[in-house]
Every structure is written in C-alpha cells, then in structure tokens.
Amino acid sequence: MTTPLYTVACLKNRLLASDVYEIVLKKPANFTFTPGQFVLFQVPLLKNPKDVQPRAYSIASTPEEEELIFIIRLKSGGRSSIWIENILKAGMYVQFQGPFGLFLLDRTTPKDYLFICTGAGIGPFRSMILDHMKRPVLCHPEPKKAQHDTDSKRIDLIFGVRNEAELFWQEDLQELAQKHENFFIHLALSKASDQWKGHRGRVQTLVPLITKDFSNKNVYLCGNPDMTTEVKKLCLEEWGVRKEDLHVEGYM
Ligand SMILES: Cc1cc2nc3c(=O)[nH]c(=O)nc-3n(C[C@H](O)[C@H](O)[C@H](O)COP(=O)(O)OP(=O)(O)OC[C@H]3O[C@@H](n4cnc5c(N)ncnc54)[C@H](O)[C@@H]3O)c2cc1C
C-alpha cells in the first residue's frame with residue numbers, strides 16, 4: 001500500500017529560538033498518527049522548485065490537537081533549511097507523506113519514563129508526554145491500577161541546547177511541571193553565558209544527578225546523532241539500561 005501524499009496549508013512559520021523554527025500545518029481531515037512518528041516533507045530546491053526531495057520531520061503536536069506542529073533546527077546550507085528560512089511562509093502549500101516510524105512510547109511499561117533530547121529532538125517528546133498525560137496507560141489489566149500508574153509514573157525530561165539563545169518552550173515546560181507533580185524538566189546548557197544559573201554541560205552530565213538506578217527507567221533519546229550515539233553507549237555499557245528499555249531516534 002502506498003502512503004498518501006498530502007497537500008496542506010502552512011499556517012505558521014516562525015523563528016522560535018536561534019536557528020530553530022516552528023512550522024504549523026493544517027492537519028488533513030483523515031490524517032492519524034501515533035506520538036513519536038514523523039512525516040516526509042517534499043522539499044523543493046531554491047533554484048529549481050521542480051527538483052523535490054524528501055526530508056523527515058517529527059510531529060511535535062498530539063493527535064488530539066487540531067494542527068500539526070514541527071520543530072526544525074536549521075543546518076547551514078541544507079536544502080530544507082534554506083527553504084524554511086527563505087521561502088516557506090504562512091499561506092503557502094506544503095506536501096508531505098506519512099506518518100512513518102516506530103519511535104513510539106512504550107505504553108505498556110510499568111517503569112518511569114526518562115526522555116533525553118537536544119535541540120529539535122524535543123519535538124516528538126512534546127507529543128508523547130502531552131498525550132501520555134491525557135490518556136490512561138493500560139499497564140495492568142485492572143482499570144483502577146492502570147489509573148494509579150498513569151498518575152504516579154515519574155517522567156523526567158532532559159533538554160539540552162548550547163546556550164540561552166537556543167532555548168525555547170522553557171516557560172511551557174515549567175508550567176507543565178507545576179501542574180503535574182510527577183513531571184520534571186531539567187535543562188542542560190553546554191555553552192551557557194555567565195548569567196546562566198542552571199546546569200552547565202551536555203545532557204549526559206545531568207543524567208547521573210537525576211538517577212543512578214536505571215532498573216526502573218524506560219529511556220528515550222532524540223536529537224543530533226552524535227548525542228544519541230554517545231548517550232546510547234552510556235545507557236547500555238555504563239548505566240545498565242536494558243536494551244528493550246531504550247528507544248533512540250537520531251536526526252541524521
Ligand atoms: C526520523 C527523522 C526525524 C527527523 N525529525 C526532525 C525534526 O523534527 N526536526 C529537525 O530539525 N530535524 C529532523 N530530522 C533531520 C531532518 O530530516 C534533516 O536531516 C535536517 O533538517 C537537515 O535537512 P536539510 O535539507 O536542511 O539539510 P541537507 O540538505 O540534508 O544537508 C545537511 C547538511 O549537510 C550539508 N551538505 C549537504 N550536501 C553537501 C555536500 N554535497 N557536501 C558537503 N556538505 C553538504 C548541508 O550544508 C547541511 O549542513 C529528522 C531526521 C530523521 C531521520
């Protein structure tokens with residue numbers, strides 16, 4: 001079966017932080033997806049719009065939300081990055097195929113969730129976490145126990161960027177943490193200014209400060225491939241995360 005090609009209006013394209021754009025698309029009426037999945041944008045070449053190539057972008061909105069949200073970090077000189085920065089405007093049409101991907105939340109695990117991301121890698125985690133908070137997780141056959149597990153499962157989100165200018169959604173995440181006592185947001189800035197009072201260093205330096213016991217953790221990594229490769233290695237070789245509890249999406 002071929003995946004349908006959708007043509008939809010771009011509702012918003014705005015700079016969210018240094019080199020990071022938020023793209024909002026109208027959601028096609030028949031479009032469904034599972035949090036964590038991505039679509040393939042059909043990206044035209046600046047100099048020859050008939051030359052189109054696919055680029056993968058994770059959906060940051062939840063299936064319940066009316067629009068499709070994407071968080072995109074520009075790569076200098078990249079085809080899609082040039083298109084997003086210079087061409088794509090609200091009111092234009094975008095073509096995409098999808099959804100694709102198996103980077104999904106394990107909704108059956110009784111373990112706590114640990115999300116680790118850098119930059120735009122936070123996109124699919126927004127979708128997973130908000131969706132998880134709205135829908136009960138069926139970890140156990142008895143409905144009462146399932147409800148209890150939903151409320152008590154600890155969720156840690158480690159979000160790494162280089163500096164303050166690259167940060168976004170900080171207030172929304174902190175608000176979410178205030179509303180949900182089982183949700184904790186941790187920021188890691190690798191090249192912060194002197195004014196930064198939070199954690200300094202890469203995401204992996206923050207992990208041991210949050211937990212040393214990974215036996216009860218279901219771990220998700222998303223972001224640039226250098227980070228996901230390094231942290232995956234730490235998870236499996238040093239922290240004792242079980243292979244089946246580790247889920248990785250590298251933004252190649
Ligand atoms: C499953 C998946 C989901 C993803 N989700 C997201 C997401 O939600 N958000 C996000 O920001 N990214 C995401 N990505 C990454 C995304 O798909 C693109 O790879 C990224 O946006 C760069 O695309 P681009 O067209 O701008 O760059 P490309 O054109 O692919 O180029 C990448 C880099 O290589 C350089 N380059 C290209 N050609 C050459 C050449 N011939 N010689 C030397 N250098 C060259 C470019 O200058 C650029 O810096 C995802 C990737 C995957 C696999």
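Figured I'd write up the structure that's included with this text.

Quick notes on the rules
Residues numbered from 1 in each chain as written. Predicted model: local features only at pLDDT ≥ 70, side-chain atom pairs only at ≥ 80, totals over all residues. Buried ≥ 20, exposed ≤ 12 C-beta atoms within 10 Å, placed from the backbone. Helix = DSSP H or I, 4+ residues; strand = E, 2+ residues; numbered from the N terminus. Pairing = 2+ DSSP bridges. Right-handed = clockwise from strand over helix to strand, strands pointing away. Core = buried A, V, L, I, M, F, W, Y, C linked by C-beta atoms within 7 Å. Domains from an automatic or database assignment. Contact = placed C-beta atoms within 7 Å. Near = placed C-beta within 6 Å. Nonpolar A, V, L, I, M, F, W, Y, C, P; charged D, E, K, R; others polar. Axes fitted to C-alpha atoms, helices over the stretch in contact; angles between N-to-C directions.

### Considering the pairing of strand S8 (residues 155–161)
The buried count for S8 comes to 7 of 7 residues, which makes it a mostly enclosed element. Burial along S8 is two-sided: Ile155, Leu157, Phe159 and Val161 facing one way and Asp156, Ile158 and Gly160 facing the other are all buried. Of the pairings in the sheet, the one linking strand S7 (residues 112–118) to S8 comprises 6 bridges and is parallel in character. Looking at S8, one finds that Thr118 is bridged to Gly160. Pairing of S8 with strand S9 (residues 183–189), which is carried by 7 bridges, proceeds in the parallel orientation. Each bridged residue has a counterpart across the sheet, and for Gly160 the counterpart in S9 is Ala188. Handedness of the crossover is the feature at issue here: the chain leaves S8, passes through helix H4 (residues 170–179), returns alongside S9, and the resulting connection is right-handed.

### Side note on the nonpolar core
A general feature of soluble globular proteins is that nonpolar side chains tend to end up buried together. Judged by nonpolar contacts, the single largest core of 59 residues is most densely connected at Phe70, Phe115, Ile116, Phe125 and Ile158. Counting contributing residues, this core receives three or more from each of domain 1 (5–100) and domain 2 (112–250). Look past the residues within four positions of Phe115 in its chain and what remains in contact with it is Phe125, Asp156, Leu157, Ile158 and Tyr220.

### Focus on the site of the ligand
Near the ligand lie 22 residues; those nearest to it are Ala56, Gly77, Gly78, Ser80 and Ser81. Listed by contribution, the elements that provide at least two residues to the shell around the ligand are strand S4 (52–58), strand S5 (67–73) and helix H1 (79–86). Its residues placed into classes, the shell around the ligand shows 9 nonpolar, 8 polar and 5 charged. Of the residues that make up the shell around the ligand, three or more belong to each of domain 1 (5–100) and domain 2 (112–250).

### Quick word on the sheet that holds S9
Pairing in this open sheet of 6 strands is parallel, and the strands run S10-S9-S8-S7-S11-S12 from one edge to the other. Each edge of the open sheet carries a strand with a single partner, namely strand S10 (199–200) and strand S12 (246–250). Looking at chain direction, S7 and strand S11 (residues 217–223) are connected through 6 bridges and run parallel. For Cys117, the partnering residue across the bridge sits in S11 and is Cys222. Across the sheet, helix H6 (residues 225–237) is in contact with S7, S11 and S12; its angle to S12 comes to roughly 165 degrees.

### A few points about unusual backbone geometry
Put simply, Gly98 and Pro99 share a cis peptide bond, and its omega is 0 degrees. Take Pro99: it is sitting in strand S6 (residues 93–100). In this structure, Asp19 is a non-glycine residue whose phi angle is positive, near 65 degrees. With 18 C-beta atoms counted inside 10 Å, the residue Asp19 sits in the partly exposed group. One non-glycine residue, Trp169, lies in positive phi territory at about 65 degrees. Mapped onto the elements, Trp169 comes out in the loop between S8 and H4.

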